[in-house]
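Letter by letter, the chains look like this.
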Amino acid sequence: MKAGRSRRANTVHSEFGLIRRLQAEVAQPDPQLFKGIGDDAAIIKTSSTEWTLITTDLLAEGVHFDPATSSWRDIGYRAAIANLSDIAAMGGTPRFMLVSIAIPPTCSTTQIQQLYRGMMQAGAPYHVRLIGGDTSASKTGLFLNITLTGVVPPRQALLRSAAHIGDPIYVTGTLGDSRAGLDLLMSRQRPKLRAIDTRFLLARHHRPSARIAEGLWLVKQGLGGAAIDLSDGLTGDLRHICEESGVGAEILAGSLPVSPACRAYAKARGLAPAQIALQGGEDYELLFTVPRKKQSRFERLVGKTGFHMTCIGLITPQASGLGLKSERGTTQPLPLTSYEHFLRPT
Ligand code: ADP
Ligand code: MG
């Protein structure tokens, strides 16, 4: 059970329900605040030429990572990518990082140094600078919180709320690799795969990419509509775009990009590749819409970039909900199968 503990009165059951409640009860507007709770990063109108993005992510040992199956360096790397990916989802450029850690007695200085090396390595391509943080002891495993700032030109950020009916939906890269890699790490009886496929899936889990270049390109070309990064899995993250934009969506199962290694893994596990792609989790790919009228320009330009971007469906009216169209042409509701922290067996 991910979040431990037995059921009690007033126990938190839904991460997103709790956030919505906090947003309604506690959050307050501010003239400098363009976007508060509800997107991948908050947006602050800091100057007439540049707006500031701020995002934060908390990782808990045993919930988000396990030092038994990942190196400390990889744990740090993935933690930084989780934040970099949120800046990518806004179409921003990452800038400054603050890191807070609560360290259990079992952790050595060398391990913490490795953790930091991983974090700094992930930020290095973007010249991310560490500017502060906080340090505490922990009685129960390591806690790691990263706060990352970024910048974006005024009014150019890619918002979850910018999808419109008729807009095509795209995704970068391939889906499900990280989830497959995690399963390989956790399984006592690993499915028999070629060594090259196993290596690929493990690397995609330990060393995911943040799609900073893709987000920047969408903003620069003026081609982006709505965007979110895929941290929880396509079905859950698409839901956030639909809720924030007040629309529905139809996903074409046959169009979901799945790597050859993940296909081999799905076959060995007796699963449909689309199932893994939809559930995913920690892919850190971008899910975005392109305004309908800009689709042909987008298609023309994307071919010249070398970016891997696949059209996987269409934004529909809100009343249609979220649907999954099979290759046979039948549509069924998109199942809610992505990761939710507080979901427990009933
Ligand atoms: P992401 O997966 O992109 O990191 P989350 O789903 O974690 O985004 O968060 C969605 C939104 O809710 C974000 O705007 C985030 O800042 C906000 N949020 C999450 N947890 C809290 C919290 N405990 N208090 C206030 N805002 C929160
Ligand atoms: Mg995000």
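Refer to the preceding data block for the structure.
None of the values given here were measured: they were computed from a predicted structure.

## Details of the sheet that holds strand β8 (residues 227-229)
The seven strands lie next to each other as β8-β10-β7-β11-β9-β12-β13, forming an open sheet whose pairing is mixed. One side of each edge strand has no neighbouring strand; the edge strands of this open sheet are β8 and β13 (331-333). Pairs of neighbouring strands in the sheet enclose a mean axial angle of 25°, with direction left out of account. Here five bridges tie strand β7 (residues 168-172) to strand β11 (residues 309-316), and the two strands are oriented antiparallel to one another. Considered in β11, the bridge of I169 is made with G313. On top of the sheet, helix α6 (residues 212-221) reaches β7, β10 (286-289) and β11; it is set at about 15° to β10, its chief contact. Helix α10 (residues 295-302) contacts β7, β10 and β11 of the sheet and is inclined by roughly 25° relative to β7.

## Some details on helix α8 (residues 260-269)
Among the residues making up α8, those that are buried are A261, C262, Y265 and A266. Taken around the axis of α8, the buried residues stretch over an arc of 140°, which confines them to a single face. Opposite the buried face of α8, at more than 90 degrees from it, the exposed residues are P260 and K267. In this fold, the buried residues of α8 make contact with α4 (177-186), α5 (195-206) and α9 (273-279).

## Comments concerning the packing of aromatic side chains
Across all of its chains, the model carries seven aromatic pairs by this definition. Taken together, a centroid distance of 6.3 Å and an interplanar angle of 70° make the contact between F65 and W72 edge-to-face. When its relative accessible area of 12% is taken as the criterion, W72 is described as buried. Seen in terms of ring centroids, W217 and F307 are 5.8 Å apart; in terms of plane orientation they differ by 70°. Their pairing is edge-to-face. Here W217, found in helix α6, pairs with F307, found in the loop between α10 and β11; they are 90 residues apart in sequence, far enough to count as distant. Relative accessible area serves as the criterion here: at 11%, W217 is assigned to the buried category. Grouping aromatic residues by their ring pairs yields a cluster made of Y170, W217, F288, F298 and F307. Over the face of the ring belonging to Y77 we find R207, whose NZ or CZ atom lies 4.2 Å from the ring centre.

Here is what the cut-offs are and how they apply
- Residues numbered from 1 in each chain as written.
- Chains lettered and ligands numbered in written order.
- Predicted model: local features only at pLDDT ≥ 70, side-chain atom pairs only at ≥ 80, totals over all residues.
- Heavy atoms only, no water.
- Pairing = 2+ DSSP bridges.
- Helix = DSSP H or I, 4+ residues; strand = E, 2+ residues; numbered from the N terminus.
- Axes fitted to C-alpha atoms, helices over the stretch in contact; angles between N-to-C directions.
- Contact = heavy atoms within 4.5 Å.
- Buried < 20%, exposed > 50% of the residue type's maximum accessible area, 1.4 Å probe, protein only.
- Arc of directions from axis to C-beta.
- Phe/Tyr/Trp six-rings, centres within 6.5 Å; stacked < 30°, edge-to-face > 60°.
- Lys NZ or Arg CZ within 6 Å of the ring centre and 35° of its normal.

In short, geometric facts, not functional conclusions.
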